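Below are the chains, spelled out letter by letter.
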Amino acid sequence: MCGRTACSLAADNLRRACAYRDRRGQYRQPEWVRGERYQPSYNKGPQSCGPVLLSRRHLHQDADSSERVLMDMRWGLVPSWFKQDNPSKVQFNTSNCRSDTMLSKSSYKGPLLKGKRCVVLADGFYEWQQQSGGKQPYFIYFPQTKDAMDKETEGDEEWKGWRLLTMAGIFDCWEPPSGGEPLYTYTIITVDASKDVSFIHHRQVRAGKGVAGMPAILDGDEAIRKWLDFAEVPTQEAVKLIQPTENIVFHPVSTFVNNIRNNAPECVAPIELGAKKEVKASPGNKVMLGWLKSSQEGSPQKKENDLPKWTSQFIHSPSPKKTSADVLLQWLGKQGQPAAKKRKA
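Quick notes on the rules
Residues numbered from 1 in each chain as written. Predicted model: local features only at pLDDT ≥ 70, side-chain atom pairs only at ≥ 80, totals over all residues. Heavy atoms only, no water. Helix = DSSP H or I, 4+ residues; strand = E, 2+ residues; numbered from the N terminus. Buried < 20%, exposed > 50% of the residue type's maximum accessible area, 1.4 Å probe, protein only. Contact = heavy atoms within 4.5 Å. Areas by Shrake-Rupley, 256 points an atom, 1.4 Å probe, with all protein chains shown as cover. Phe/Tyr/Trp six-rings, centres within 6.5 Å; stacked < 30°, edge-to-face > 60°. Lys NZ or Arg CZ within 6 Å of the ring centre and 35° of its normal. Core = buried A, V, L, I, M, F, W, Y, C linked by side-chain atoms within 4.5 Å.

(A) The arrangement of the overall build of the chain in detail. Along the backbone of the chain there are seven helices and 17 strands. Each of the 345 residues in the chain was classed as buried or not, and the buried ones make up 50%. Considering only intrachain contacts with a sequence separation of at least 6, the fraction spanning at least 24 residues in the chain is 69%. Summed over all atoms, the accessible surface of the chain reaches about 16200 Å², with 48% contributed by carbon and sulfur.

Next up, the structure:
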């Protein structure tokens, strides 16, 4: 299942990171709908709100269905037919939707057949591996290019920063029976775990808890276009996009993330499993974490070419080339990392 994510980009940078070309080939950034409600977080769980992409036509019937908008929605689908006044009283867990039952369960089948498809955005998501001493959390995300953080300068129109993870979702709009503001909610579609992450959390039947898997990830703008453009791509074609992907990487993180109340850079920062050394224990890393904390507090315009060249050994790759974990550390970093802290080749 997918029960915890991170999405730390500021609202304006989210728009830039979600830029696309419309049906006419025009470069566009999706507009925010109720963007003032969006709150970045390193530790999002069900019932919290998070950013999703959807077709503008869902909100404006005369809009081009290829146009996209950003909206902050609550995680955990509340069916439009739910009759109670309190949406929190939904008796079943709708944070995830299994791909093999999404066309049979009424909570998901109804909105899916109406084209209510969305893309859930995140820096990445967390999974926990059961070990003899407890559960070890991992952060899972798209591979990042080695120059993702090097080339961006303030004011660039094209986004060259962190590549967001784009997960297939279904949304619905619930209106309180006694009147009031409509509530938009979503669920994340899950599929069987891919080979690379199956050792962390393989999809399996658990007594009384159903089946768990990993998010259905849409890899590339063409897959996103087809999933969102419900007017041009029918449901029968769109569901073919729901497949496991191998194009993901991961690294272990601190158990600090286990507590949903913890919302800080430590949640995503890589650790070394052998030493069990927390990133915050290093003075240099405290500088790194301090920069990201200040970034979250309203300094998203900090120039990326001011960031250092951190080095980190990615757990799945002994190659000396820069890995996605290195890029993450660079993303978290601040200029001034002492040379003595660099790893020896």
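(B) Here's a closer look at the packing of aromatic side chains. Inspection of the entire model under this criterion finds nine aromatic pairs. For the pair Tyr126 and Trp128, a centre-to-centre distance of 6.3 Å together with 45° between the ring planes defines the contact as tilted. Look at Tyr126 and you get buried, because its relative accessible area is 0%. Three or more aromatic residues joined by ring pairs form one cluster here, namely Tyr126, Trp128, Phe139, Tyr141 and Trp162. Cation over ring: Arg117 sits above Trp227, and NZ or CZ is 5.4 Å from the ring centre.

(C) Seen up close, the nonpolar core. With 59 residues, the main nonpolar core has Leu14, Tyr186 and Trp227 as its most contacted residues. Sort the elements by how many residues they give to this core and strand E12 (residues 165–174) lands first, with six residues. Setting aside residues up to four positions removed in sequence, Leu14 forms contacts with Cys7, Leu9, Trp32, Tyr38, Pro51, Leu70, Leu121 and Leu164. Listed in part, the twelve residues of the second largest apolar core include Tyr42, Tyr141, Val253 and Cys267.

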